[in-house]
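Letter by letter, the chains look like this.
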There are 2 protein chains.
Amino acid sequence: MTDSRPLQPGEIPSDATVPKVVVSRISLYLRELQRLQAAGQQTISSSQLGTLLGFSDAQVRKDLGFFGQFGYPGVGYRCEELISAMRDILGTNHAWPVVMLGVGNLGQALLGYRGFGRQNFSIEAAFDADPAKVGQVIQGVRVHPLDELPAIVKSRGIRLGMIVVPAERAQEAADRLVSAGIEGIVNFAPVTLTLPPHVQSVSVDLAIELEQLSFAVTSQLAKASL
Amino acid sequence: MTDSRPLQPGEIPSDATVPKVVVSRISLYLRELQRLQAAGQQTISSSQLGTLLGFSDAQVRKDLGFFGQFGYPGVGYRCEELISAMRDILGTNHAWPVVMLGVGNLGQALLGYRGFGRQNFSIEAAFDADPAKVGQVIQGVRVHPLDELPAIVKSRGIRLGMIVVPAERAQEAADRLVSAGIEGIVNFAPVTLTLPPHVQSVSVDLAIELEQLSFAVTSQLAKASL
């Protein structure tokens, strides 16, 4: 079926061919707009937004163009409106309950990470194989035994899960999430997971930021020594 | 001074105007190539590499073109050579010692994170204000009192630092790193730091991956319901 009416702001294109890299820039735009709004700024132009993040204004307009028409002639974008549209795009205009598998040091740190709540994600329940951890309440989140995962996912309508177990147990954790009905997985373990095609996943690689920094420091040195 | 000779592979362009987003894709290419090499693959084309990461072959060639000429006609890229060139570009062809400020849950988790060592980063010393933590050795790394920071940075020639303290103490930690002579900072605290222009920094936002996942799950749902 061909659908030729123009997109409404925030509407997801029905052909769903938005490149991943565009979606990741939407997160960056959103974060910058949230900072600007917190500082009291009401409107912004594509070139201001681009400059703050190191992109061209054409890039900003093209990225937003995937999702509709947002700006006003002579005004630019209204921060509040664009933030709301971006949350619609990303699907974070409503709260997402999340389960976490693995409550080691990283898991415990993530339970206390305030950045999740700010973007509308809330870790509802944690799970661990270690009987010593089961029953504990960490940062307000209860640690359950693994066999309670399917019932909790189902009864609370949870669709997203985080894997924070050691690398060698990550695939088993993924299998458990998949059979419990989870649709999206954030993987903090440094291994590639095998997943059925209907389950989405993203991996977190904490060394990427250090590499970017190493480049910045190295290339600045190259500049300084010219 | 104008320098018109062609770039050698891995050489950083002297005008240093490589967009940040290109540098972040170099990290992604490198990680994918490392995976392929570990699986025994010797060569790869720009379109294969692009397909694996969701970019066009033109994008891959354009990104690499910032840094020189790497491929061979009819062969594509040699994985080992391209990995080595990308490490030259990113500056990770040699080991980077790193200091860490803050040894709470997240800090302790990062001390055990094997992904850093794999990309040539090694946390050499950790620092904490808590006297109960000072003197401990965690994952082979000793925790020092904060006042030892300048001497250790200087004597070991350390240029990179990680901030893993609570948000309200992140700026103080940054100031300490800067006055100790650190040139690049990875900030895990969810606040914006004020830094002198000669100090580079990158921020880690752990909610970005969840947003990308929320988009993927939401847009898949939109597709399925058409």
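Scope of this entry: the structure provided in the associated data block. (Residues numbered from 1 in each chain as written. Chains lettered and ligands numbered in written order. Predicted model: local features only at pLDDT ≥ 70, side-chain atom pairs only at ≥ 80, totals over all residues.)

1. Considering the pairing of strand β3 (residues 96-101) of chain A
Residues and elements named next belong to chain A. Burial runs high along β3: five of the six residues are buried. The sheet contact formed by β3 and strand β4 (residues 121-127) spans six bridges and is parallel. Opposite valine 98, over in β4, you have isoleucine 123 as the bridge partner. Direction of pairing for β3 relative to strand β7 (residues 160-163): parallel, over a ladder of four bridges. Residue methionine 100 lies in a different strand from β7, and its bridge partner there is methionine 162. (Buried ≥ 20, exposed ≤ 12 C-beta atoms within 10 Å, placed from the backbone. Helix = DSSP H or I, 4+ residues; strand = E, 2+ residues; numbered from the N terminus. Pairing = 2+ DSSP bridges.)

2. Focus: the environment of Asp147(A)
All names here are of chain A. On the secondary structure map, aspartate 147 appears in the loop between β6 (141-144) and α7 (149-155). Assessed through the 9 C-beta atoms surrounding it within 10 Å, aspartate 147 is described here as exposed. With 110 residues separating them in the primary sequence, aspartate 147 and glutamine 37 have C-alpha atoms 44 Å apart.

3. Some words on the interface of chain A and chain B
If you look at the interface, chain A gives 58 residues, while chain B gives 57 residues. Elements represented by at least two residues in the side of chain A that touches chain B include exactly α1 (20-38), α4 (79-90), α5 (105-111), α6 (114-118), β8 (184-187), β9 (200-203) and α9 (207-224) of chain A. Considering every element that reaches the side of chain A that touches chain B, the biggest residue donor is α9(A), with 16 residues. A breakdown of the residues in the side of chain A that touches chain B according to their chemical character gives 28 nonpolar, 19 polar and 11 charged. (Contact = placed C-beta atoms within 7 Å. Nonpolar A, V, L, I, M, F, W, Y, C, P; charged D, E, K, R; others polar.)

4. Looking at the pairing of β6(A)
Residue and element names in this part refer to chain A. Residues Val141 and Val143 line the buried face of β6, whereas the alternating positions Arg142 and His144 sit on a face that is not buried. Bridge analysis of β4 against β6 gives two bridges, and the strand direction is parallel. Among the inter-strand pairings, alanine 126 is bridged to a residue of β6, identified as valine 143. One ladder, built from two bridges, connects strand β5 (residues 137-138) with β6; its direction is antiparallel. By the bridge assignment for β6, isoleucine 138 is matched with valine 141. Joining the antiparallel neighbours β5 and β6 is a turn of two residues, in which glutamine 139 adopts a positive phi near 50°.

5. So, the sheet that holds β9(A)
Residues and elements named next belong to chain A. An order of β5-β6-β4-β3-β7-β8-β9 is seen for the seven strands of this open sheet, with the pairing classed as mixed. With one partner strand each, in any of the chains shown, β5 and β9 form the two edges of the open sheet. Along the sheet, helix α8 (residues 170-180) makes contact with β3, β7 and β8, crossing β7 at roughly 165°. (Axes fitted to C-alpha atoms, helices over the stretch in contact; angles between N-to-C directions.)

6. With respect to helix α3 (residues 57-65) of chain A
Residue and element names in this part refer to chain A. Within α3 the residues assigned to the buried category are Val60, Asp63 and Leu64. Taken end-on, α3 shows its buried residues confined to a sector of 95°, consistent with a single buried face. Exposed residues pointing more than 90 degrees away from the buried face of α3 are listed as Ala58 and Gly65. Elements that come into contact with the buried residues of α3 comprise α1 and α2 (46-53). (Arc of directions from axis to C-beta.)

7. Examining the relation of the copies chain A and chain B
Mapping chain A onto chain B calls for a screw motion: a turn of 180° about the axis and a shift of 0.0 Å along it, with 0.0 Å RMSD after fitting. On this basis, the relationship between the two copies can be described by a two-fold rotation axis. Both copies share a contact surface, since 98% of the interface residues of chain A are interface residues in chain B too. (Least-squares fit on C-alpha atoms with pLDDT ≥ 70 in both.)

8. Re helix α8 (residues 170-180) of chain B
Residues and elements named next belong to chain B. Within α8 the residues assigned to the buried category are Ala170, Ala173, Ala174, Leu177 and Ala180. With its buried residues spanning 130° around the axis, α8 presents them on a single face. On its buried face, α8 sits against β3 (96-101), α7 (149-155), β7 (160-163) and β8 (184-187). At the exit of α8 stands glycine 181, carrying a positive phi of roughly 100°.

9. So, the nonpolar core
With 120 residues, the main nonpolar core has Leu101(A), Ile163(A), Met100(B), Leu101(B) and Ile163(B) as its most contacted residues. Aside from chain neighbours lying at most four places away, what touches Met100(B) is Gly107(B), Leu110(B), Ile123(B), Ala126(B), Phe127(B), Met162(B) and Val164(B). (Core = buried A, V, L, I, M, F, W, Y, C linked by C-beta atoms within 7 Å.)

10. A closer look at the environment of Pro131(A)
Residues and elements named next belong to chain A. Here proline 131 is to be found in the loop between β4 and β5. Overall, proline 131 belongs to the exposed group, with 8 C-beta atoms counted inside 10 Å. Taking the C-alpha atoms as reference points, proline 131 and valine 143, 12 residues apart in sequence, are found 9.8 Å from one another.

11. Describing the packing of α1(A) against α2(A)
Residue and element names in this part refer to chain A. Here α1 crosses α2 at 100°, and the two axes come no closer than 11 Å. Judged by the inter-axis angle, α1 sits roughly perpendicular to α2. Counting all contacts with α1, which are made through Leu28, Tyr29 and Glu32, the residues of α2 involved are Leu49, Leu52 and Leu53. Here the contact of α1 with α2 is built from residues that sort into five nonpolar, no polar and one charged. (Parallel < 35°, antiparallel > 145°, perpendicular 65-115°, else oblique.)

12. So, the packing of helix α2 (residues 46-53) of chain B against helix α3 (residues 57-65) of chain B
Residues and elements named next belong to chain B. At a closest axis distance of 7 Å, the pairing of α2 and α3 adopts a crossing angle of 105°. By the angle between their directions, the pair α2 and α3 is classed as roughly perpendicular. Note on element contacts: α3 touches α2 through Asp57, Gln59, Val60 and Arg61, opposite Ser46, Ser47, Leu49 and Gly50. Looking at side-chain class alone, the contact of α2 with α3 contains two nonpolar, four polar and two charged residues.

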